[in-house]
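# Descriptive analysis of the structure
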Amino acid sequence: AFFRRDVATGNLVQDPKPWFAKTVIRSCCRFSYEEAQDVLDGKELEWPSVEGNHTKEEITKDLMDLLDVCGKIRHLRFDGGALKLDQ
């Protein structure tokens, strides 16, 4: 599924409309959930190999951008009446 979000608000962008296609994911590196969290927390870690012309700084910025947009989407869900359950 392909769709766009407004990075400032987290709202779904309708132009272009969401669409579906068969695709292949080509990752530039692989993180476990714990490693990704360590990057977001600013901790030092032994980085996996990075493919292509990507830098650790670019990957870190992309992860931080995704965290920011995910937080905005979460707020939109709760503002829309989503139920928050404590663990």
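Residues numbered from 1 in each chain as written. Predicted model: local features only at pLDDT ≥ 70, side-chain atom pairs only at ≥ 80, totals over all residues. Heavy atoms only, no water.

### Quick word on the environment of Asn53
Inspection of the secondary structure assignment puts Asn53 in the loop between α1 (33-40) and α2 (56-79). Residue Asn53 is classed as exposed on the basis of its relative accessible area, which comes to 78%. When the C-alpha positions of Asn53 and Cys28 are compared, they lie 8.8 Å apart, and in sequence the two are 25 residues distant. (Helix = DSSP H or I, 4+ residues; strand = E, 2+ residues; numbered from the N terminus. Buried < 20%, exposed > 50% of the residue type's maximum accessible area, 1.4 Å probe, protein only.)

### Looking at unusual backbone geometry
Note that the residue after Asp15, namely Pro16, is joined by a cis bond; omega there is 5 degrees. In this structure, Pro16 sits in the loop between β2 (12-13) and α1.

### Examining the nonpolar core
By size, the foremost hydrophobic cluster in this structure holds seven residues: Cys28, Cys29, Val39, Leu45, Trp47, Ile59 and Leu63. Beyond its immediate sequence surroundings of up to four residues, Leu45 is in contact with Phe31, Glu35, Asp38 and Val39. (Core = buried A, V, L, I, M, F, W, Y, C linked by side-chain atoms within 4.5 Å. Contact = heavy atoms within 4.5 Å.)

### Describing the pattern of salt bridges
Any two side chains of opposite charge can pair, so long as their charged atoms come close to each other. Enumeration according to the criterion identifies three salt bridges in this entry. The closest approach of N and O atoms between Lys43 and Asp38, which form a salt bridge, is 3.9 Å. With its nearest N and O atoms 3.1 Å apart, the salt bridge here joins Lys72 to Asp68. In this pair, Lys72 and Asp68 both sit in helix α2, four residues apart, roughly one turn of the helix. (Salt bridge = Lys/Arg side-chain N within 4 Å of Asp/Glu carboxyl O.)

### Regarding the state of the cysteines
Counted under the stated rule, the structure contains zero disulfides. Not part of a disulfide, Cys28 finds its nearest cysteine sulfur in Cys29, a span of 4.4 Å. Exposure remark for Cys29: the relative accessible area of 14% places this residue in the buried category. (Disulfide = S-S within 2.5 Å.)

### Points about the environment of Glu51
Inspection of the secondary structure assignment puts Glu51 in the loop between α1 and α2. We classify Glu51 as partly exposed; its relative accessible area is 48%. For the pair Glu51 and Ser27, spaced 24 residues apart in the sequence, the C-alpha separation amounts to 7.9 Å.

### Side note on the packing of aromatic side chains
Using the criterion set out here, one finds two aromatic pairs in the structure. Residues Phe2 and Trp19 carry aromatic rings whose centres are separated by 4.9 Å and whose planes lie at 5 degrees to one another, so their mutual orientation is stacked. With a gap of 17 residues between them, Phe2 in the segment before β1 (4-5) and Trp19 in the loop between β2 and α1 connect regions that are remote in the sequence. The class for Phe2 is partly exposed, based on a relative accessible area of 32%. (Phe/Tyr/Trp six-rings, centres within 6.5 Å; stacked < 30°, edge-to-face > 60°.)

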